[in-house]
Amino acid sequence: MADKVKGKKSFYIILLVLAVCVIAFFAAGPFYIIDEGNQAVVTRFGQFAATRTAAGLYLRIPAIDMVTIYPRKTLSLDGDNARIPTKENQFIIVDTTSRWRITDPAKFYQSLRTIDEANKKLSDIIDSSTRTIITRNRLSEIVRSSNIINEQSRSSQSVSDEEAAEIQSLVNVNTQNEVVAKGRAKLCEEMLAEARRMVVEYGIELIDIVPRQIKYSDELTESVYSRMIKERNQVAQAYRSLGEGKKAEWLGKLENERRTIESEAYRISEETKGKADAEAAAIYNEAYNQDPAFYEFWKSLESYKQTIGQFDATLSTNMDYFKYLYGAEGRR
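Keep in mind that what you see is a predicted model, and the values were worked out from it rather than measured.

J.: How do you make sense of the nonpolar core when you look at a structure like this?
T.: Among soluble globular proteins, nonpolar side chains are generally buried collectively. In this structure, Trp100, Phe108, Ile204 and Leu206 are the most contacted members of the largest nonpolar core, which totals 30 residues. Broken down by secondary-structure element, the contributors of at least two residues to this core are β6 (75-78), β7 (82-85), β8 (91-102), α2 (105-111), α3 (115-134), α4 (139-143), α7 (184-199) and β9 (204-216). For this core, the element with the highest residue contribution is α3, accounting for six residues.

J.: Hey, could you run me through the pattern of salt bridges in this one?
T.: Side-chain pairs of opposite charge can arise where the charged atoms are in close proximity. Tallying each qualifying case throughout the model produces 17 salt bridges. The shortest N-O distance in the salt bridge between Asp78 and Arg212 comes to 3.3 Å. You can see Asp78 sitting in strand β6 and its partner Arg212 sitting in strand β9, a full 134 residues away along the chain. The exposure class of Asp78 is partly exposed, given its relative accessible area of 44%. The exposure class assigned to Arg212 is partly exposed, which follows from its relative accessible area of 46%.

J.: Quick question: what am I supposed to make of the pairing of strand β2 (residues 38-44) here?
T.: The two faces of the sheet receive side chains in turn, since in a regular strand these alternate between them. The buried fraction of β2 is high, at five of seven residues. Strand direction decides the pairing type here: β2 and strand β5 (residues 65-71), joined by seven bridges, are antiparallel. Residue pairing for β5: Arg44 is matched across the bridge by Asp65. As judged from the five bridges shared by β2 and strand β3 (residues 47-52), these two strands associate in the antiparallel manner. Residue pairing in the sheet places Ala40 in a bridge with Arg52 of β3. Between β2 and β3, which pair antiparallel and follow one another directly, the connecting turn spans two residues, one of which, Phe45, has a positive phi of 55°.

J.: Is there a simple way to explain the packing of α3 against α7 in this structure?
T.: Helix packing for two helices is described by the angle between their axes and how far apart those axes are. α7 packs onto α3 with a crossing angle of 135° between their chain directions and a minimal axis gap of 9 Å. With respect to α7, the element α3 is oriented oblique. Where α3 crosses over α7, the handedness of that crossing is right-handed. Touching Leu122, Ile125, Ser129, Thr130, Ile133 and Ile134 of α3 are Leu187, Glu190, Met191, Glu194, Ala195, Met198 and Val199, all from α7. Its residues placed into classes, the contact of α3 with α7 shows nine nonpolar, two polar and two charged.

J.: Any chance you could explain the pairing of β7 here in plain terms?
T.: Bridge count between β7 and β8: four bridges; the pairing is antiparallel. Each bridged residue has a counterpart across the sheet, and for Ala82 the counterpart in β8 is Val94. From the end of β7 to the start of β8, which pair antiparallel, there are five residues, and Asn89 there has a positive phi angle of about 65°.

J.: Explain the side chain of Thr86 to me, please; I cannot follow it from the model alone.
T.: For Thr86, the position within the fold is in the loop between β7 and β8. By relative accessible area, Thr86 is classed as buried at 5%.

J.: When you look at the packing of aromatic side chains in this model, what are you seeing that I'm missing?
T.: Two measures describe an aromatic ring pair: the distance that separates the ring centres and the angle between the ring planes. Going through the model one piece at a time under the given rule, you end up with three aromatic pairs. Centre to centre, the rings of Tyr32 and Tyr58 are 5.7 Å apart; their planes meet at 20°, and the pair counts as stacked. Of this pair, Tyr32 sits in strand β1 (residues 31-34) while Tyr58 sits in strand β4 (residues 56-59); the two residues are 26 residues apart in sequence, bridging distant segments of the chain. The class for Tyr32 is buried, based on a relative accessible area of 9%. Aromatic side chains Tyr70 and Phe108 sit 4.9 Å apart centroid to centroid with 80° between the ring planes, which places their arrangement in the edge-to-face category. Of this pair, Tyr70 sits in strand β5 while Phe108 sits in helix α2, and the two are 38 residues apart along the sequence. By relative accessible area, Phe108 is classed as buried at 0%. Members of the aromatic cluster, joined through ring pairs, are Tyr70, Trp100 and Phe108. A cation sits over an aromatic face here: Arg83 above Phe91, 4.1 Å from the ring centre. Note that Arg113 overlies the ring of Tyr109, its terminal NZ or CZ placed 4.4 Å from the centroid.

J.: I keep staring at unusual backbone geometry and nothing clicks. Help me out?
T.: Negative phi is the rule for most residues except glycine; trans is the rule for most peptide bonds. Even without being a glycine, Asn89 presents a positive backbone phi close to 65°. Mapped onto the elements, Asn89 comes out in the loop between β7 and β8. Although it is not a glycine, Arg113 sits at a positive phi angle of roughly 75°. Relative to the helices and strands, Arg113 resides in the loop between α2 and α3.

Conventions and cut-offs
Residues numbered from 1 in each chain as written. Predicted model: local features only at pLDDT ≥ 70, side-chain atom pairs only at ≥ 80, totals over all residues. Heavy atoms only, no water. Core = buried A, V, L, I, M, F, W, Y, C linked by side-chain atoms within 4.5 Å. Buried < 20%, exposed > 50% of the residue type's maximum accessible area, 1.4 Å probe, protein only. Helix = DSSP H or I, 4+ residues; strand = E, 2+ residues; numbered from the N terminus. Salt bridge = Lys/Arg side-chain N within 4 Å of Asp/Glu carboxyl O. Pairing = 2+ DSSP bridges. Axes fitted to C-alpha atoms, helices over the stretch in contact; angles between N-to-C directions. Parallel < 35°, antiparallel > 145°, perpendicular 65-115°, else oblique. Left-handed = near helix turned anticlockwise from the far one by under 90°. Contact = heavy atoms within 4.5 Å. Nonpolar A, V, L, I, M, F, W, Y, C, P; charged D, E, K, R; others polar. Phe/Tyr/Trp six-rings, centres within 6.5 Å; stacked < 30°, edge-to-face > 60°. Lys NZ or Arg CZ within 6 Å of the ring centre and 35° of its normal.

Structure, rendered in structure tokens:
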């Protein structure tokens, strides 16, 4: 009976120990979850053990296996302003932005371990590749992507070739924009290719590198703006001079046309007056022939109306002019 009781007691003790071990096992966190959009690296005693790239619930050995979570999504990195010389030795300030993601978590863990460390390493690599490509190319290649500005300038030009040559002769600067051979998009591809060669060993995929801002350095900004203003003023003055010349030319043409029209109008008016005077003389002649005495009387009255009203007194020894006023027959 004592042996039986002793056996039951041992059994309960074993069950209790097993229960404590199970509770301790689950309390130590043997399970971990990989969320969608994440991935993990499992290390055992500090050495790489496994990678987990699919979302789900996983088992690990508590206190032995360490799990490091990394994002699978695309990450962005904004670079610092960098002062870089172009091929013409003009210093510009370039600010880039880029996107990247972790493609091999095992390599990433072994080489960089943390996202912050990766950002530092990528910043150095991107700055180096950007500086290398920019120093090989002209400024126009960096800030422009095509030659559309040249085509628009030619298509929007409203002057003839002769006038364009005249304007060019009046301008002391070359206003033709440089021809772009590569363009900003191509240079971005070259920057990306240059940087990708250096990030493969880190388990990283660099997606793109894009200049976010490009501007002149402070010491060049004022001189560049002054030169641009001077060039634009010269071009504007050339167009004004051409416009004044065209204005004078058209005013001369208008004056010649006005004189021609006025001369023709004067000729036609004189011809019309001549015809009218001839017709009036014919009418007067016909009226005179019908009754010369009445015609003379009527003309004298018309003359009195035009002359007598202009003077307060008339002194004359020739009374023939007033014969119709003082003559007995004239009063009838």
